[in-house]
Amino acid sequence: MAHGGTQAAVAGHATGAAHHHEPQSFWRRYIFSTDHKIIAIQYLLTSLVMAAVGGFLAMLMRVQLGWPGKEWPLLEAIMPNAFKGGQMNPDFYYGAITMHGTIMVFFFLTTALSGGFANFLIPLQIGARDMAFPVLNMLSFWAFPVSIAFALASFFVQGGAPGTGWTAYVPLSDRETAGQTLWLISVFILMLAFLAGGINYITTTLNMRTKGMSFSRLPLTVWALFVTALVGLFAFPALMAASLMLIFDRVGGTHFFDPAGGGDPILWQHLFWFFGHPEVYIVILPAMGIVSEVLAAHGRKPVFGYKYMVGSILTIAGLSFLVWGHHMFSSGMSPTLGSIFMATTLAIAIPSAIKTFNWLATIYRSKMRFTAASLYAIGFVSLFITGGLTGIILGNPSVDLYFHDTYFVVGHFHFIMGAAALFGVFAGIYHWFPKMFGRMMNERLGKIHFWLTFLGIYGTFFPMHFLGTAGMPRRIYNWDAYQFLGDVATLNHVISISAFVLGAAQLIFAYNLFYSMFRGPKAERNPWQANTLEWWAPSPPPHGNWDEAEPVVYRWPYEYSPKDAPEGVDHIPQWVPEPALATAGGDRAGSR
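Rules used throughout
Residues numbered from 1 in each chain as written. Predicted model: local features only at pLDDT ≥ 70, side-chain atom pairs only at ≥ 80, totals over all residues. Heavy atoms only, no water. Helix = DSSP H or I, 4+ residues; strand = E, 2+ residues; numbered from the N terminus. Rg over C-alpha atoms; globule rule 2.2 N^0.38 Å. Buried < 20%, exposed > 50% of the residue type's maximum accessible area, 1.4 Å probe, protein only. Contact = heavy atoms within 4.5 Å. Lys, Arg positive; Asp, Glu negative; His and termini not counted. Charge placed at Lys NZ, Arg CZ, Asp CG, Glu CD. pLDDT = per-residue confidence, 0-100. Salt bridge = Lys/Arg side-chain N within 4 Å of Asp/Glu carboxyl O. 1 Å grid on protein atoms, 1.4 Å probe; cavity = no way out; pocket = protein on both sides within 12 Å on 5 of 7 lines; lining within 4 Å. Points joined across faces, edges and corners; volume = space filled by probe spheres on them. Patch = residues over 30% accessible without salt bridge, like charges linked within 9 Å, V, L, I, M, F, W, Y side chains within 5 Å. Areas by Shrake-Rupley, 256 points an atom, 1.4 Å probe, with all protein chains shown as cover. Axes fitted to C-alpha atoms, helices over the stretch in contact; angles between N-to-C directions. Parallel < 35°, antiparallel > 145°, perpendicular 65-115°, else oblique. Left-handed = near helix turned anticlockwise from the far one by under 90°. Nonpolar A, V, L, I, M, F, W, Y, C, P; charged D, E, K, R; others polar.

Some points on the overall build of the chain
No. 1: The number of helices and strands found in the chain is 20 helices and zero strands.
No. 2: Against the 2.2 N^0.38 benchmark of 25 Å for 592 residues, the chain shows a C-alpha radius of gyration of 24 Å, consistent with a compact globule.
No. 3: Counting only C-alpha atoms and orienting by the principal axes, one finds that the chain spans roughly 75 × 55 × 50 Å.
No. 4: Here the chain, with 592 residues, has 60% of them falling under the buried criterion.
No. 5: Taking all contacts inside the chain whose residues are at least 6 apart in sequence as the whole, residues at least 24 apart take part in 78%.
No. 6: Here the chain contributes 32 positive and 29 negative side-chain charges, whose respective centroids are spaced 10 Å apart.

Focus on the confidence of the model for the chain
No. 1: Chain-level statistics for the chain give a pLDDT mean of 92 and a share of 94% at 70 or above.
No. 2: Element-level mean pLDDT values for the chain span from 43 in helix H20 (residues 586–590) up to 98 in helix H17 (residues 443–469).
No. 3: This stretch, residues 1–14, has a pLDDT under 50; its non-local contacts, to residues over four places away or in other chains, come to 35 contacts.
No. 4: Predicted confidence for residues 583–592 stays below pLDDT 50, and this span has 19 contacts to residues more than four positions away or in other chains.

Section: the pattern of salt bridges
No. 1: Tallied over the full model, the rule gives seven salt bridges.
No. 2: Across the salt bridge formed by Lys37 and Asp35, the nearest N and O atoms sit 3.0 Å from each other.
No. 3: Classification of Asp35 by relative accessible area gives buried; the value is 7%.
No. 4: Its salt-bridge partner being Asp405, residue Arg474 comes within 3.6 Å of it at the nearest N-O pair. Highlighted residues: Arg474 in the loop between H17 and helix H18 (489–519) and Asp405 in the loop between helix H15 (397–403) and helix H16 (407–437), separated in sequence by 69 residues.
No. 5: Here Arg474 falls in the buried class, since its relative accessible area comes to 18%.
No. 6: Look at Asp405 and you get partly exposed, because its relative accessible area is 34%.
No. 7: The network of salt bridges with shared partners includes Asp174, Arg175 and Asp258.

A few points about empty space enclosed by the protein
No. 1: Enumeration according to the criterion identifies four cavities of 30 Å³ or more in this entry.
No. 2: For the largest cavity, the calculated volume is near 130 Å³.
No. 3: As for the largest cavity, its lining consists of 15 residues, and the residues nearest its centre are Ser114, Phe194, Gly198, Tyr201 and Phe236.
No. 4: For the lining of the largest cavity, the secondary-structure elements that each account for two or more residues are helix H5 (90–126), helix H8 (178–207) and helix H9 (220–252).

Quick look at unusual backbone geometry
No. 1: Here the amide bond leading from Val170 into Pro171 is cis, since omega sits at 10°, within 30 degrees of zero.
No. 2: Following the sequence through the fold, Pro171 ends up in the loop between helix H6 (134–153) and helix H7 (172–175).
No. 3: Phi is positive for Ala168, close to 50°, though the residue is something other than glycine.
No. 4: Within the fold, Ala168 resides in the loop between H6 and H7.
No. 5: Here Ala168 falls in the buried class, since its relative accessible area comes to 0%.
No. 6: Its identity as a non-glycine residue notwithstanding, Gln529 has a phi of 50°, on the positive side.
No. 7: Following the sequence through the fold, Gln529 ends up in the loop between H18 and helix H19 (578–583).
No. 8: Of the residues examined, Gln529 reaches a relative accessible area of 26% and is grouped as partly exposed.

A look at a nonpolar patch on the surface
No. 1: Among the surface-exposed residues, Leu346, Phe357, Leu360, Ile385, Leu389 and Ile392 lie close enough to one another that they form a single nonpolar patch of about 530 Å² accessible area.
No. 2: When contributions to the nonpolar patch are tallied by element, the ones reaching two or more residues are helix H13 (349–363) and helix H14 (372–394).
No. 3: At three residues, H14 tops the list of elements feeding residues into the nonpolar patch.
No. 4: Position of Ile385 among the secondary structure elements: in helix H14.
No. 5: Using a relative accessible area of 31% as the deciding quantity, one classes Ile385 as partly exposed.

A look at the packing of H5 against H8
No. 1: Put simply, H5 and H8 touch, their axes get as near as 11 Å, and they point 15° apart. When the axes of H5 and H8 are compared, the pair comes out roughly parallel. Considering only the axes of H5 and H8, their crossing is left-handed.
No. 2: Here the contact of H5 with H8 is composed, by residue class, of 12 nonpolar, 10 polar and no charged.

Right, here's the structure in full:
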């Protein structure tokens, strides 16, 4: 039975009646599916393919930045237009910058976390059979490849992909080639898809929790995904409006952003960053939820400070709408307003620090099982601390004015938004792969993948802070043309080689993922001895998730190593009632 609401829209999905007959045709079951688990896997696999595209573009950029002016005959043979004469075309380089950022932020991190994991985990972890609006869920996914098609089409129109970066600042984006219009259409469609998904996640969480699943018993993953959907509900419309206005400027003759017609280019920055900074938390909050879950399950220890973790998620979400101005310190902002944005920016460090200390306290004296999932969760904490500390530096306007648009900023946001979120994605995949596909991934390959990725990320992005200190601008095609940057050659070589190691490590992951999907050892129902409801379902869960008996929740999700449990019981799942616990041994209490 649904708990907390009886809305007609969700009543049909709260019982088993709507899920007795699983779709049998291939198209309905795997392509145009309304099953939240299939849609989750569609989101996840599509976003991983896009990560490969975005990562490949990054490798090409590092080829240019590592050895500017060098000729590459092999790359010319493969991509003659991009490497005409053996050297990378500057227009292609700037197009690659734009599409790398766009793909990694929108088409990979946001969709993998808020599309993939949200779809898979929310119904399973709250005890629901599906999303509140399954058809809307399917439509929101299929808008995703349409959006990708518009974005990638920009490579093939006259003038190529736009060279404005993922921020698409005007007036440059107002005067770019046709590829910029395709980019704007792509972003608008994707934001629409995210909004549809977010409405589904919010409605499902509010109305379809199973009996006993109060908000105080929600796993931190659900809390993070639920709050992320709320943030998106207010943030995405700002970028949709800005994109539509810029399309009108470009093709409709309006002048929203054109000073020649009375418009204001700074308006674009306000609208973009009112979306853009919450977008950082749209990416990082789900990763935080995943990491909390993985650390507790693999550390065999309750999450430290559960209520403070929830409070921090809510506080970060609220403050995320009050800090967008720190991206615009150099736009002519008044010092008073800059000081206000500095204060709100530094304030967000408080809940972030609470979460960090709570993760460290969870790890401290835990019985950590060093699996690939837990290594990625621990690695996330390291990357988050590194990126967070440099964020505090950039929150000061007087310092930010020096570092603005330098590689210091590139290093900072790749740690906090790119690498940390990426580690959240990997931790989630290694942890929930058995539930998604009913098979186990290879742990040895997973650990090799972790160490190469961890070292590759620090080797790639940490030296960028020194490049920024030396004054190297971001989005620069040929730094070798500037005499004052003559000493950064070695650092750029190190960064490029580290990036290639980082890229090569992902081939190990791809092999492990697809091989294990079909040939990996079959997974048990609860291979990690975890407590949340998804581990009560078979691996993989059937259509409708549960049989006639839907799960009932009796406790919070983090009862690991309980002091008052019977001997041999090191965890008590949410679905185990008190009488059953009193008579059950460890294995029986920990499994269905």
